[in-house]
Structure formats: structure tokens, C-alpha cells
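Below, each chain spelled out in residue letters.
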Amino acid sequence: MAREECKALLDALNKATACYHHLVLTVGGSADSQNLRGEMQKTRQKAQELAVATGTPLTTALRNKGLGAEERAEFERLWVSFSGCLDLLEADMRRALALGTAFSLHVPRRPLVRTGVEGGAAAVAARALSARSLRHEAERDFDVDDLRELEREILQVGKMIHDMEVKVNVPRWTVQARQAAGAELLSSAGVSSAGFVSIEERTGPCDPSKALAATVFSAVLLAAVALVVCVAKLS
């Protein structure tokens with residue numbers, strides 16, 4: 001039961017980490033905004049909650065001396081996947097900190113797309129400028145606070161990784177995978193090959209009518225070449 005629970009938690013952690021990785025890659029681009037930074041904050045905090053919930057039962061299971069060999073091997077594989085997720089999460093958090101510092105939200109940026117729409121009313125322009133300044137003030141507060149919180153969370157994740165290695169000593173190179181490397185690619189290639197063989201079986205190795213047509217075409221082509229050579233010599 002504990003193993004299935006760990007698998008479910010690890011699957012959720014893997015998805016949250018992958019989602020956060022995808023969000024971090026958009027920082028500084030045309031889609032960067034306060035909404036994106038807020039979504040990143042929620043996603044990384046969710047990933048940290050899942051990491052704590054996953055690490056506790058894994059640590060308890062691997063420190064159990066009465067665990068069977070097969071059961072221990074399965075938990076060790078889960079442990080390696082778990083530590084890989086944490087390493088990726090920490091690296092993406094550091095990348096988000098660097099990108100967030102380089103591309104601050106409170107710095108006015110030139111719009112990437114110019115629509116060509118202009119307004120001539122002074123009152124409309126004043127309202128637009130005041131709304132823009134208020135938005136930048138809100139973004140300034142959120143941006144600075146989020147980066148400070150991100151720094152603290154990076155330290156927490158690093159401490160979590162260190163505590164994991166101290167409590168449970170599972171070298172990654174000693175854990176054996178259940179499938180050979182590239183097994184998914186081989187299985188998909190096998191399916192493609194099977195489909196190709198079935199097509200060949202339906203069509204047959206050689207069609208007699210097509211073979212006869214190819215022979216006739218080759219004979220006509222040779223005769224035409226010979227005729228051209230003869231005409232060239234006579235001229």
C-alpha cells in the first residue's frame with residue numbers, strides 16, 4: 001500500500017516539476033507577465049509540498065531493516081526518480097531566480113507589437129498613464145517579494161536534498177532499472193516494423209503485372225537510346 005501511495009505522489013511531483021520547468025522557460029519572453037510569475041509561484045510551492053509528502057514515506061520505507069529485497073529494490077528505484085525530480089526542481093528555481101532578476105516586471109518595457117492605434121484625448125491618456133503606473137507599482141511589490149521568497153525556498157529545497165542523502169544512502173549507480181535503456185523506443189520501432197511487414201504480406205513480394213510493365217518500359221528505353229546513337233553517328 002505504501003509503495004502505491006509513493007508512486008502516486010511521485011507521479012504528481014513529476015508532473016508539477018515538468019509544469020514548472022515549462023513555465024520557467026517563458027520568463028523574459030513575450031508571454032512574461034505578473035500572471036505567469038504568480039502561476040510559477042503556485043506551481044513551485046505545490047511541487048515542494050508534494051516533495052515533502054513523497055520523501056517522508058520513502059525515507060521510512062528505506063530505513064526499514066525488515067524490508068524484502070524485491071520491495072527494497074522497487075523503493076530504491078522510486079527514490080532515484082524522486083531525487084532526480086528534486087534536482088530538476090532546484091535547478092529550475094535557480095534559473096527562475098536569475099531570469100526574474102534579469103527581467104524585472106517593474107521596469108517599463110517597450111511593447112513587442114505596435115498596433116498603430118492612437119488616441120487624441122488628453123483625459124483618456126491621463127487615465128491610461130495613471131492605470132499603467134498603478135499596475136507597475138503592484139508588479140513591483142509582487143516581483144520583489146516573490147524573488148525574496150524564491151531565494152528562501154531554494155535554500156529549503158537544497159536542505160531537503162542534503163537531509164535525504166544523510167538519512168538514506170542509495171547511490172544512484174547501484175540501482176538497476178527494470179527495463180533496458182531505450183526500451184520505449186525499441187517497442188515503438190517494433191510496432192512500426194510489424195505494421196510494415198503486414199503491409200508487405202498484403203501486397204505480396206512482387207506483382208507480375210508491374211514486373212512486366214517495367215520490363216517493357218526498359219526495352220523501349222534501350223531501343224530509343226540505340227536509335228539516338230545511330231542517328232548521331234550517321235550525321
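Before reading on, note that the structure itself is shown above.
About the cut-offs
- Residues numbered from 1 in each chain as written.
- Predicted model: local features only at pLDDT ≥ 70, side-chain atom pairs only at ≥ 80, totals over all residues.
- Heavy atoms only, no water.
- Axes fitted to C-alpha atoms, helices over the stretch in contact; angles between N-to-C directions.
- Helix = DSSP H or I, 4+ residues; strand = E, 2+ residues; numbered from the N terminus.
- Parallel < 35°, antiparallel > 145°, perpendicular 65-115°, else oblique.
- Left-handed = near helix turned anticlockwise from the far one by under 90°.
- Nonpolar A, V, L, I, M, F, W, Y, C, P; charged D, E, K, R; others polar.
- 1 Å grid on protein atoms, 1.4 Å probe; cavity = no way out; pocket = protein on both sides within 12 Å on 5 of 7 lines; lining within 4 Å.
- Points joined across faces, edges and corners; volume = space filled by probe spheres on them.
- Buried < 20%, exposed > 50% of the residue type's maximum accessible area, 1.4 Å probe, protein only.
- Polar contact = N/O pair within 3.5 Å; in protein donor to acceptor, adjacent residues only side chain to side chain.
- Contact = heavy atoms within 4.5 Å.

Asks: Give me the lowdown on the packing of helix α1 (residues 2-24) against helix α3 (residues 69-102), citing residues and values where you can.
Replies: Interhelical geometry of α1 versus α3 gives an angle of 20 degrees and a closest axis separation of 10 Å. When the interaxial angle is binned, α1 and α3 end up roughly parallel. For the pair α1 and α3, the crossing hand works out as left-handed. Among the residues making up the contact of α1 with α3, the classes are represented as 15 nonpolar, 4 polar and 6 charged.

Asks: Run through empty space enclosed by the protein, naming residues and quoting values.
Replies: Summed over the entire model, instances satisfying the criterion amount to 1 cavity of 30 Å³ or more. In this structure, the largest cavity spans a volume of roughly 70 Å³. Around the largest cavity sit Val 27, Arg 37, Met 40, Arg 44, Ala 96, Gly 100, Asp 143, Asp 146, Leu 147 and Leu 150, which together line it. Looking at the lining of the largest cavity, the elements with two or more residues in it are α2 (34-62), α3 and α4 (122-167). Here the element with the most residues in the lining of the largest cavity is α4; it accounts for 4 residues. For the lining of the largest cavity, a count of residues per class yields 5 nonpolar, 1 polar and 4 charged.

Asks: Which residues make up the side chain of Arg 44, and what values go with them?
Replies: In this structure, Arg 44 sits in helix α2. Accessibility expressed as a relative area gives 1% for Arg 44, which makes it buried. A distance of 2.9 Å separates polar atoms of two side chains, one belonging to Arg 44 and the other to Asp 146. Once residues lying within four places of it in the same chain are set aside, the contact partners of Arg 44 are Tyr 20, Met 93, Asp 146, Glu 149, Leu 150 and Glu 153.

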